[in-house]
Amino acid sequence: MKINKISALILSFFLVFVACETEESIELTQPDPALTLLEPAISNINLNYNFPDNEAFTIVWNDEITSGSTGYMVELSPDPLFESPMVIGSSTTDRFTMTVAEFNNTVLDAGGDAFEPFAVFMRVVSGSEISNSVSFSVSSYSVAPPVVLSPDSTFSLVLMETTPNDEAITISWEDPDFGENSSVDVIYEVQFTETSAGFDSPVSESADGTSVSYTHEAFNEVVLNSGLTAEEVGSLDFRIKATIEMDGGNMERFSDPVTIAVTPYSVELAPILYVVGAGAVDAGWSWDNPIELPLQGTKYSGNINLINDAFRFFTVNNDWGSGLNYPYYEAVGYTIDSNLANAMDGDSNFQFVGTPGEYFIEIDTAAKTITLGPPVVGPNCNFDQLWLVGAGIVDAGWSWDTPVALPCTGNGTYSGNVALTNDAFRFFSVNSDWGSGTNYPTYEGNGYTIDSNFTNAMDGDSNFFFNGTPGTYFLTVDDINKTITLGPEQLQCDFEQLWLVGAGVVDAGWSWDSPVALPCTGAGVYSGSVALTNDAFRFFTVNSDWGTGINYPTYEADGYTIDSDLTNAMDGDSNFFFNGTPGTYTVTVDTGNLTITVE
C-alpha cells in the first residue's frame, strides 16, 4: 500500500507539471473587429412596376469598428471586384432600404436591360472600412420611352396618286431600356393625328419591330383618316406607343411626338365622269355635249359611241385641267381594255382601236378596271335589284323565304312599292346572303340624304328603322344622286317580278333552284338581263309555282307583239322558244304597250 501511495503522488506531480507546460504554450485570441454585411434572405428580385413605392430590398450589417460614428455609404457594382462602383445611398444606422422605383432606376443606370436578369453586387463603406459584398439577380422594368430616330420635324412629303405602290415614308425608333434577350413582347403602334387635334383619338397603326414603311396609297389613307385635307399641305403629328401586356395591368409608354408636313391627294370620287374627244363621236373636242358616265357605287358606266380616234376622261365639267389620261390610269394600277391604247399624242389620251360602234363602258374604281362591252338597253344599275329583309318589311320579316325585291328602274335607281311597319330592316345586294347587307351608317357615311321616316335602329347591326305611319310606300334608292326617299304608293305592275324557267334560259333550266327574275322596272314593265340559248322556256308570276306559267299562245291571244327571236316551241306546253344567236339580252315585257322584246 505504501508503494501505491508513492506512485500516486509521483503521478500527481507529473500531471501538474504537464498541465502547467500546456497552459503556457496555448494562446487564446478574439476575432478582429469588422464591418460585416449579412447575407440576404433572398437573392432574386423581380421588380414590379405596379408597386413602385414598395420595398425592393433591405440589407443589414454589423459594425464592430466605428459603431456608425462616421455613417455608411452603400455601393453597387455589376462586377464582384467593384472596379467602378456607384454609390446608391447612405445610412446612419445598420441597415439600408430602397423602393422598387429607386432600385429599378439604379439597375438600369448600372447597365441592366429591362426584363432581363442582371447580377449586381453591394457592399458598405464607412470611412476607410469596407465590408464584404453580397449579390442579387435583378429583373428590372422599362421606364424610358421609345425614341423616334426618323423622320424628324424637317420632313415634308407630297403624296402622289400616280405612284401608289412606291414607298412614301419609313418611320423608325429605338427602345433604349431593352436588350436582345428581353423576356417580354413589346407591342408597338404608330399613332397619327392632325397637329391641332392632339392625341385624344389618334389613328393607330400596328408595327412589327421598331420600324414601319408606307406606300403612297397606304399613307394617304392614314393621313386623310387623321384629319388632314386633300390637296392641301397639313401638319401631322405621330408618336410611338409601346405596350407590354401584364397580369397586373398593361404597361404603356409613349415617345415624344414628331411633327411633319404632308400633302395628301383626294380619294373622293366625282359624281360624274365626263368623256370628251374626237374618239367619242357624240362629244368631240368640245364641252357642248360631253358624254356623262354617272357614278353608281364605285363604278362609272354608260353607253358610248366610239370611233378610231382619241378621247379623255374628266372629273369636272368644262374643266380641261381635270383630265385623266391613259398613263394616269396605267400608273394607278388599272387593267385597261385591249380596245383602248395610249394615243401617244401630246396629252397621252386614250385611243379607241377596236371596231367603231356603240359600247357599254365601265370604269370600276374598286377593281381598277376599264372595260368595253355590248351596249346596255334599259335600266343600268350595279345590281338587278336590291333585296329588303327585316321585321319592318311587312311581306318579308327576318327570313330569306320571302325577301322583297327593289328592282333597278333607271340608271343607278332602285324603286318599288314596299309595305312598311314600325320596325327594323336592311338592304341586301345578294339574295340569301346576310354578308351583302348595307345598313344605315353605311349609306349615311357615303353621303346619302335619307328620308326622315327612316332612322338608325341602334340595334346590334345599326339597321334601318321605319318610324312613319305604317302602310305601303314607293321606296326609291338613288345611287347617283345619293338619296333614299319615300313617296305615295304608285301603280306599277301586277307582280314584283316575272320568273323565267326553262332550258332556253341558261342560268335557270327546268328547275326552281335558280329561276331568273324579270323585275318590274316601271308601270307595267318587266325588264332585265337574261342569258338565252336555243331552247324552250316560260314566264311565271309566282316563284316555284308551275301553275302560274304563261306560255306563248296566252300572250299572243292577249294581243302582244312578240319579238321575232321568240317563237312558239310547239311542244306539249306551247312554251316560248328562243331562235336567235345565243347570248345575253335585255328581255322586256311591257304589259301596257303589249310588247315582248329581246335586245
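Cut-offs applied
- Residues numbered from 1 in each chain as written.
- Predicted model: local features only at pLDDT ≥ 70, side-chain atom pairs only at ≥ 80, totals over all residues.
- Heavy atoms only, no water.
- Helix = DSSP H or I, 4+ residues; strand = E, 2+ residues; numbered from the N terminus.
- Rg over C-alpha atoms; globule rule 2.2 N^0.38 Å.
- Buried < 20%, exposed > 50% of the residue type's maximum accessible area, 1.4 Å probe, protein only.
- Areas by Shrake-Rupley, 256 points an atom, 1.4 Å probe, with all protein chains shown as cover.
- Lys, Arg positive; Asp, Glu negative; His and termini not counted.
- Charge placed at Lys NZ, Arg CZ, Asp CG, Glu CD.
- Disulfide = S-S within 2.5 Å.
- pLDDT = per-residue confidence, 0-100.
- Contact = heavy atoms within 4.5 Å.
- Core = buried A, V, L, I, M, F, W, Y, C linked by side-chain atoms within 4.5 Å.
- Pairing = 2+ DSSP bridges.
- Axes fitted to C-alpha atoms, helices over the stretch in contact; angles between N-to-C directions.
- Arc of directions from axis to C-beta.

S.K.: Looking at this structure, I do not really get the overall build of the protein chain. What am I missing?
M.R.: Secondary structure assignment for the protein chain yields six helices and 47 strands. A compact globule built from 599 residues would reach a C-alpha radius of gyration of about 25 Å, whereas the protein chain, at 44 Å, exceeds it by more than 25%. By principal-axis analysis of the C-alpha atoms, the protein chain measures approximately 170 × 70 × 45 Å. The buried share of the protein chain, reckoned over its 599 residues, is 45%. Accessible surface computed for the protein chain: about 29,600 Å², of which carbon and sulfur atoms make up 49%. Averaging the locations of the 13 positively and 81 negatively charged side chains of the protein chain gives two centres separated by 19 Å.

S.K.: Quick question: what am I supposed to make of the state of the cysteines here?
M.R.: As used here, a disulfide is simply a covalent bond connecting the sulfur atoms of two cysteines. According to the stated counting rule, one finds one disulfide in the structure shown. A sulfur-sulfur separation of 2.0 Å characterises the disulfide bridge that pairs Cys381 with Cys408. Because the sign of the S-S torsion sets the handedness, a value of about 75° for the bond joining Cys381 and Cys408 places this disulfide among the right-handed ones. One end of the pair, Cys381, is in the loop between strand E27 (369-373) and strand E28 (385-389); the other, Cys408, is in strand E29 (residues 404-410), with 27 residues separating them in the sequence. With relative accessibility at 6%, the residue Cys408 sits in the buried group.

S.K.: Mind showing me how you'd approach the confidence of the model for the protein chain here?
M.R.: Residues shown with low pLDDT carry predicted positions that ought not to be read at fine detail. Looking at the protein chain as a whole, the pLDDT averages 89, with 93% of positions reaching at least 70. Low pLDDT, under 50, characterises residues 6-23; the stretch is placed with zero contacts to residues that sit more than four places away or in other chains.

S.K.: Even after reading the chapter, I still don't get the nonpolar core, so can you show me in this structure?
M.R.: Note that soluble globular proteins tend to have their nonpolar side chains buried in a common cluster. Within the largest apolar cluster, 32 residues are counted, with the highest numbers of intra-cluster contacts made by Phe57, Ile59, Phe103 and Met122. Mapped by element, the contributors of at least two residues to this core are strand E1 (35-37), strand E3 (55-63), strand E4 (72-77), strand E6 (95-99), helix H2 (100-109), strand E7 (117-126) and strand E8 (129-139). Not counting the four nearest positions on each side in its chain, Phe57 is found in contact with Ile45, Phe96, Thr97, Met98, Phe103 and Met122. The next biggest cluster of nonpolar side chains, apart from the first, holds 28 residues, and it includes Phe311, Tyr328, Phe350 and Phe352.

S.K.: So what exactly am I meant to see when it comes to the sheet that holds E3 here?
M.R.: In sheet architecture, strand pairing relies on hydrogen bonds along the backbone and comes in two forms, parallel and antiparallel. Pairing is antiparallel in the open sheet, where three strands are placed in the order E1-E3-E6. Either end of the sheet is taken by a strand with one partner, and the two such strands are E1 and E6. On average, each strand axis in the sheet is inclined to that of its neighbour by 20°, with strand direction left out of account. Where E3 and E6 come together, five bridges link them in antiparallel fashion. Of the residues in E6, the one forming a bridge with Val60 is Arg95. The strands touched by H2 are E3 and E6; relative to E6, the strand with the most contacts, the crossing angle is about 90°.

S.K.: What should I look at first to understand the pairing of strand E21 (residues 310-314) in this one?
M.R.: On a regular strand, one side chain projects to one face of the sheet and the next to the other, so that they alternate. Taken across its five residues, E21 has five buried, putting it largely inside the fold. Burial of E21 is two-sided: the residues Ala310, Arg312 and Phe314 facing one way and the residues Phe311 and Phe313 facing the other way are all buried. Two elements, strand E18 (residues 272-276) and E21, share three bridges in a ladder whose sense is antiparallel. The partner of Val276 across the bridge, within E21, is Arg312. Bridge analysis of E21 against strand E25 (residues 350-352) gives two bridges, and the strand direction is antiparallel. Residue pairing for E25: Phe311 is matched across the bridge by Phe350. Direction of pairing for E21 relative to strand E22 (residues 323-324): antiparallel, over a ladder of two bridges. Bridged to Phe313 within E22 is Leu324.

S.K.: Before we go on, may I ask you to explain helix H3 (residues 216-225) in this structure?
M.R.: Because the α-helix completes a turn every 3.6 residues, residues three or four places apart line up on one side. By the burial criterion, the buried members of H3 are His216, Phe219, Asn220, Val222 and Val223. Around the axis of H3, the buried residues are gathered within 165° of arc, so they sit on the same side. Facing away from the buried side of H3, by more than 90 degrees, are the exposed residues Glu221 and Asn225. Following H3 by one or two positions, Gly227 adopts a phi angle in the positive range, close to 115°.

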